[in-house]
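Examining the three-dimensional arrangement
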Amino acid sequence: MKELNILYLYPDILELYGDFGNIQVLKYRLEKRGIKANITPYSIGNDAPNFSNYDLIFAGGGADQEQGILSKDLVNYKENIKEAIENGVFFLLICGAYQLFGKYYKDAEGDIIPGLNVFDYYTEALNDRKKRCIGNIVLNCNLNGKETKVIGFENHGGQTFDIETPFGDVLYGNGNKFGDTKEGFFRENVIATYLHGPLLSKNPDVSDYIIKYCLDRKYNENIVLEPLDDTFENLCRKQLSDRFLNKDK
Ligand code: GLN
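Below: a short report on this structure. Given the structure is predicted, the values throughout are model-derived calculations rather than measurements.

Section: the packing of aromatic side chains
What the rule picks out here adds up to 19 aromatic pairs. By way of ring pairs, the aromatic residues F91, Y98, F101, F119, Y121, F185 and Y194 are connected into one cluster. The ring of Y219 has K2 lying over it, and the distance from NZ or CZ to the ring centre is 5.1 Å.

Structural notes on empty space enclosed by the protein
With the rule as written, the count across this model stands at one cavity of 30 Å³ or more. Reported here for the largest cavity is a volume of approximately 50 Å³. Forming the walls of the largest cavity are D64, Y105, A108, A125, D128, R129, K131, R132 and G157. Of the residues in the lining of the largest cavity, the class split is three nonpolar, one polar and five charged.

Some remarks on the site of the ligand
Residues in close proximity to the ligand total 16 residues, the closest being D64, Q67, C95, G158 and H196. Separating an oxygen atom of the ligand from a backbone N or O atom of G96 is a distance of 3.0 Å. Within the side chain of Q99, an N or O atom sits 3.0 Å from an oxygen atom of the ligand. Protein coverage of the free-state accessible area of the ligand, which is 300 Å², stands at 99%.

Notes on the state of the cysteines
According to the stated counting rule, one finds zero disulfides in the structure shown. Of the cysteine sulfurs around C133, a residue in no disulfide, the closest is that of C95, at 9.6 Å. Of the cysteine sulfurs around C236, a residue in no disulfide, the closest is that of C141, at 16 Å.

What counts, and at which threshold
Residues numbered from 1 in each chain as written. Predicted model: local features only at pLDDT ≥ 70, side-chain atom pairs only at ≥ 80, totals over all residues. Heavy atoms only, no water. Phe/Tyr/Trp six-rings, centres within 6.5 Å; stacked < 30°, edge-to-face > 60°. Lys NZ or Arg CZ within 6 Å of the ring centre and 35° of its normal. 1 Å grid on protein atoms, 1.4 Å probe; cavity = no way out; pocket = protein on both sides within 12 Å on 5 of 7 lines; lining within 4 Å. Points joined across faces, edges and corners; volume = space filled by probe spheres on them. Nonpolar A, V, L, I, M, F, W, Y, C, P; charged D, E, K, R; others polar. Near = heavy atom within 4 Å. Polar contact = N/O pair within 3.5 Å; in protein donor to acceptor, adjacent residues only side chain to side chain. Areas by Shrake-Rupley, 256 points an atom, 1.4 Å probe, with all protein chains shown as cover. Disulfide = S-S within 2.5 Å.

What follows is the structure, given as C-alpha cells:
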C-alpha cells in the first residue's frame, strides 16, 4: 500500500482560521484512493523533526502574537527546511506560515518578526490594525499546465512584497496586498498562499496536484490519480464563481 508522510507544524498554535481542514481533506483524498496518510504533528517542545523524512510539510495561519512565539522555535530548523525544499519535499503554507518563510513580518505596531529567509519575499502590515485584507478571493492558477480557478477566503493585515513566482492571478479579492493582481508564492514543491477556507476543501485540483506531486516524487512514477466524486465541491465552486465573478451579469 502506498503511503505519504505528512508533518503538521504547530497545530496547537497555527489554527486560528481552521486550516486544519486541509489536513482532513488530504487524508480523505488519499484514503479514498487506498493510500495511507501518516500525519505527524510537531509543536514547540516536541522532538526535532527531520523535514526531509517527510513527503509533505503543512502549516496554517495565526495571529501576530502566535507568529512571534513560534518564530523563535521555527528558526532552529532553518537549514533543515532549506535542505528539505531543495530535496523536493512539498510545503503547503497558509497565511501566517507563508509570511514566516520569507525575510520577515513587520506587524501593525512596527515590531519585526524574523522569518526563515528561505524565500526572498517580505511582509509588512499597515500601521492601522483595522486595515486588513478580509473577504472572499478567487484566483486563476496554472497547475501542471492546467488552468484552474482557486477559491478561498483571505484575512490578513500583512502585505507581502517581492514575489517573483506567484501562486495565482487575482480575479476577485485582494491577494498579496490590497488591490494586488497576484496572490501567494509558488514553486513546483511549494504552495504558499493567503487562502483560508480551508483552501483544499473547495479546490480539489490543488489537493490532487499536491498528492500527485508527492506520490510521483516518492515512488518515481507518473501516477494517474483515480478520479473522486467531486460533485459537491464543484457545485460549491460554481455557486461561488457565479457569485464573485459574474456579479454584474
Ligand atoms: N497575523 C498575520 C496577518 O495578520 C497572518 C494572519 C493569518 O494567518 N490569517 O497578516
